[in-house]
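# Fold and geometry: a report
Spelled out, the chains give:
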Amino acid sequence: MNFKKSLASQVNGGGPVDGRHEARTLADLRMGERGILDRLDLPEDLARRLMELGFLPGHEIIPARRAPGGGPRVFRVDGSEVALRRDTAARLYLRAKSSRSDT
Amino acid sequence: MSSCHQDSPSIGLLPNPNIPIPRTTPGSPGQREITVAIVGPPNSGKSTLFNRLTGLRQKVANFPGVTVEHRSGLAKLKDRHPVTLVDLPGVYSLEPRSEDERVSHDVLRGAMPGTPKPDAIILILDSTNLGRHLVLAAPIISLGLPTLVLLNMADDLALRGGSVDVAQLAADLGAPVALISAAKGTGVDGIQQFLVATAVSLTAPKRPRVELPVLQDVPKCRQWATKLGESAAYRPPAPPLWTRRLDAVFLHPVAGPLVFVAVVVAVFQSIFSWAKPIMDGLTSLVGITGHWIGAQLPDNLFRSLLIDGIWSGVGAVVVFLPQILLLFLFIGILEDSGYLARAALIADRTMAKFGLQGKSFIPLLSAYACAVPAIMATRVIENKRDRTATMLIAPLMTCSARLPVYTLIIAAFVPNLPILGGVFSLPAATMLSLYVLGFLAAVLTARLLKSTVLKSRSTALVLEMPPYRWPTVRSLSLRVVDRGRVFLHRAGTVILLVAVVMWALEHLPMKHGKSPDIEHSYVGMVGKAVEPAIKPLGFNWKIGVGLITSLAAREVIVGTLGTIYGVGEGESGGLQTAVRRDLSPAGAVALLVFFAFALQCFSTIAVIKRETGGWKWPIAQFSYMLALAYVGALAAYRITGHFWH
């Protein structure tokens with residue numbers, strides 16, 4: 001129903017507004033690299049579903065596995081593992097600070 | 001049996017200390033009919049608990065106006081207290097946004113027609129993932145109904161070194177809290193005591209000590225849950241080691257797809273090869289008992305209706321039961337163990353090429369046995385358009401009802417010659433190519449649907465990967481029995497009706513008190529009437545009659561042709577010869593193609609109507625598949641006619 005309406009996160013943006021295209025997303029994380037979620041740029045229904053699964057601004061997310069053959073990736077978030085396709089992951093923006101690699 | 005003064009309901013079993021039992025007020029009426037709703041997020045073990053508490057005393061129904069299925073059942077309690085449990089769909093919140101959430105919301109507020117407002121709630125949460133699952137406690141507790149909070153998978157929590165202060169959480173929530181394991185049955189006595197106590201005397205819930213979040217938005221509720229968890233000294237368990245080890249294999253770039261293919265082949269192989277002897281046994285059992293009963297009855301119309309109409313018509317469907325049960329056993333094992341989510345993940349990339357997603361994979365696999373359970377299995381797909389597309393293409397997969405037809409025609413026409421240096425025989429290759437044909441039609445139809453009427457902006461796959469668990473025999477057998485019952489009921493009622501109608505049309509109009517030849521019966525007349533339309537496909541009126549009767553179920557054509565040619569179903573050699581006399585080779589190929597594409601199955605049409613909530617989709621689908629079948633058969637007839645006379 002509400003496919004057009006996008007939900008930019010309400011919780012503190014952090015990054016500069018004009019630097020949006022430079023902000024890293026979940027899709028840019030390497031395997032095992034930690035990222036802190038900043039905002040979800042997705043239709044409201046989907047954003048909500050992801051937030052209910054733990055994809056909340058401020059939460060730590062780690063890509064754990066890739067589907068064989070390069071399909072969706074499995075992310076560790078809030079005590080569980082959730083698989084997302086790349087195009088969805090690319091709409092989840094990370095906080096700039098904590099995008100350092102941690103291995 | 002209504003003695004309620006017996007205070008300890010189960011002698012010899014210690015009451016669970018964590019669940020305070022509301023005191024029975026002296027002189028209370030004792031027996032009240034009450035309804036208790038079971039609510040919980042997906043994967044919290046809700047259904048396992050429900051099955052545990054009700055056993056087989058449950059029924060499946062759809063809520064009015066929505067396609068959400070719900071189960072209700074009488075709780076197995078001492079002294080037969082009339083407690084009805086309602087298993088609500090798995091939800092993370094009660095905001096009425098999705099259909100599942102709306103159903104839960106409406107039932108809990110007493111706004112669902114036909115379902116009484118629950119007197120109490122059982123909230124079940126996964127104790128190994130409490131931080132996230134406690135979010136649901138906020139809207140549930142604020143309903144103000146007596147609530148029992150169950151923290152499931154307590155065994156797993158303890159094993160992986162997690163812990164939680166149950167008493168503190170109960171005090172904070174103002175509701176009794178207990179650690180249980182629904183799969184193992186630990187703590188279930190305590191729940192039964194809660195239900196008995198609720199049935200005997202309702203206790204008003206205490207006010208929660210923690211303040212409930214006013215705004216029910218996800219981040220706020222999640223923060224509230226974190227605070228609650230901290231207060232109850234919740235220590236999350238260590239990561240599931242075995243799950244990670246198994247995923248290292250099952251999602252390995254090389255081993256993963258190999259395991260996947262092996263699993264699919266094993267399921268596929270076993271639903272055909274293991275079920276076959278049982279199915280053959282059942283077929284001959286139906287035949288033998290039919291003969292036996294027939295011999296006991298006088299030769300009149302009633303005997304004919306009973307044996308030729310009902311017995312063989314319904315028997316033809318019952319024969320598929322072993323295959324359906326076996327299929328559900330395998331799907332049950334895959335789902336309960338957690339592998340199904342991995343299979344969907346692996347299949348996603350391939351499915352995406354056809355505009356579908358990973359979750360469509362299992363329904364389509366099931367459709368090789370029967371489209372009816374496959375269509376029911378599409379419920380796992382949240383995206384409505386993806387779900388509809390999957391339902392619409394499922395009947396194009398080669399279901400087992402097509403096999404009797406394929407077998408007859410191939411045996412009659414295709415010579416048993418070795419091909420590819422003896423690896424394959426020509427009949428086997430023909431059979432395989434019919435499977436491929438159905439699959440290609442399904443895939444191309446999916447593409448067509450997803451790029452036109454069922455286009456969605458982007459198909460998102462959101463797939464939770466549950467930890468691996470051992471499936472329990474209990475839950476598997478319940479699931480198999482339950483689905484078998486649903487299949488028999490749904491398919492059986494339709495088939496029974498159709499069998500009677502078909503029989504009547506074959507035996508009317510009466511002339512001088514006798515049934516006419518099939519050629520002069522109503523069915524025969526219809527066959528003659530459609531003959532001009534099917535002549536271009538190489539079919540005569542006899543095949544036409546077969547096509548019409550097989551609208552009920554595909555395999556019915558074999559029995560019908562048997563009747564028309566006057567040979568028993570058992571004598572397949574006789575039937576083959578008879579068919580060969582009447583059908584050219586090109587016509588035979590056309591018939592195979594027709595059966596590969598046409599939607600000749602009342603049960604499927606009925607299920608699709610039910611699941612899509614109207615006649616629009618089943619009618620469109622029937623017409624589409626009929627057009628496809630006609631054009632395909634016509635093309636096959638013309639092309640084959642050139643090479644093979």
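Preceding block: the structure.
Across the contact, 32 residues belong to chain A and 34 residues belong to chain B. Summing both partners gives a buried area of about 3,000 Å² for chain A against chain B, and 55% of it is carried by carbon and sulfur. Looking only at chain A, the three residues that lose the most surface to chain B are A:Arg48, A:Pro68 and A:Arg85, adding up to 23% of its buried area. Our count for the chain A to chain B interface comes out at three salt bridges. For B:Arg244, the salt bridge goes to A:Glu81, with nearest N and O atoms at 3.8 Å. Where chain A meets chain B, there are ten residue pairs in polar contact (both at pLDDT 80 or more). Secondary-structure elements contributing two or more residues to the side of chain A that touches chain B are helix H1 (44–52), strand S4 (60–66), strand S5 (73–77) and strand S6 (80–84) of chain A. With seven residues, H1(A) is the largest single contributor of residues to the side of chain A that touches chain B.

Attention now moves to the sheet that holds strand S2 (residues 35–40) of chain A. What the six strands build is an open sheet, ordered S7(A)-S2(A)-S4(A)-S5(A)-S6(A)-S10(B); its pairing is antiparallel. The open sheet is flanked by strand S7 (92–94) of chain A together with strand S10 (462–465) of chain B, the only strands paired with a single partner. Neighbour-to-neighbour, the strand axes of this sheet turn through a mean angle of 45°, independent of strand direction. The sheet contact formed by S4(A) and S5(A) spans five bridges and is antiparallel. Note that in S5(A) the partner of A:Pro63 across the bridge is A:Phe75.

Next up on the list: the pattern of salt bridges. Residue and element names in this part refer to chain A. This structure, assessed with the given rule, holds 21 salt bridges over all chains. For the salt bridge of Arg 95 with Asp 38, the shortest nitrogen-to-oxygen distance reads 3.8 Å. Note that Arg 95 is positioned in the segment after S7 and Asp 38 in strand S2, a separation of 57 residues in sequence. Residue classification places Asp 38 among the buried residues on the basis of a relative accessible area of 5%.

Residue and element names in this part refer to chain B. With the rule as written, the count across this model stands at five aromatic pairs over all chains. Both rings, one in Phe 250 and one in Tyr 339, keep their centres 5.3 Å apart while their planes meet at 80°; by these two values the pair is edge-to-face. In this pair, Phe 250 is assigned in helix H9 (residues 241–250) and Tyr 339 in helix H14 (residues 339–353), connecting sequence segments 89 residues apart. Its relative accessible area of 6% is what places Tyr 339 among the buried residues.

Right, let's get into empty space enclosed by the protein. By the definition in use, this model includes four cavities of 30 Å³ or more. In this model, the second largest cavity occupies a volume close to 60 Å³. In terms of lining, the second largest cavity is formed by A:Met51, A:Glu52, A:Gly54, A:Leu56, A:Asp78, B:Tyr92, B:Arg132, B:Val135, B:Leu136, B:Val218 and B:Arg222. Taken together, the elements giving at least two residues each to the lining of the second largest cavity come down to H1 of chain A together with helix H8 (218–231) of chain B. Broken down by class, the residue content of the lining of the second largest cavity amounts to six nonpolar, one polar and four charged.

Residue and element names in this part refer to chain B. Positioned with a positive phi, Met 153 is a non-glycine residue whose angle comes to about 60°. By relative accessible area, which is 9% here, Met 153 ends up buried. Here Ala 233, not a glycine, exhibits a phi torsion of approximately 50°, which is positive. Relative to the helices and strands, Ala 233 is located in the loop between H8 and H9.

Conventions we followed
- Residues numbered from 1 in each chain as written.
- Chains lettered and ligands numbered in written order.
- Predicted model: local features only at pLDDT ≥ 70, side-chain atom pairs only at ≥ 80, totals over all residues.
- Heavy atoms only, no water.
- Contact = heavy atoms within 4.5 Å.
- Buried area = accessible area lost by both parts, 1.4 Å probe.
- Salt bridge = Lys/Arg side-chain N within 4 Å of Asp/Glu carboxyl O.
- Polar contact = N/O pair within 3.5 Å; in protein donor to acceptor, adjacent residues only side chain to side chain.
- Helix = DSSP H or I, 4+ residues; strand = E, 2+ residues; numbered from the N terminus.
- Pairing = 2+ DSSP bridges.
- Axes fitted to C-alpha atoms, helices over the stretch in contact; angles between N-to-C directions.
- Buried < 20%, exposed > 50% of the residue type's maximum accessible area, 1.4 Å probe, protein only.
- Phe/Tyr/Trp six-rings, centres within 6.5 Å; stacked < 30°, edge-to-face > 60°.
- 1 Å grid on protein atoms, 1.4 Å probe; cavity = no way out; pocket = protein on both sides within 12 Å on 5 of 7 lines; lining within 4 Å.
- Points joined across faces, edges and corners; volume = space filled by probe spheres on them.
- Nonpolar A, V, L, I, M, F, W, Y, C, P; charged D, E, K, R; others polar.

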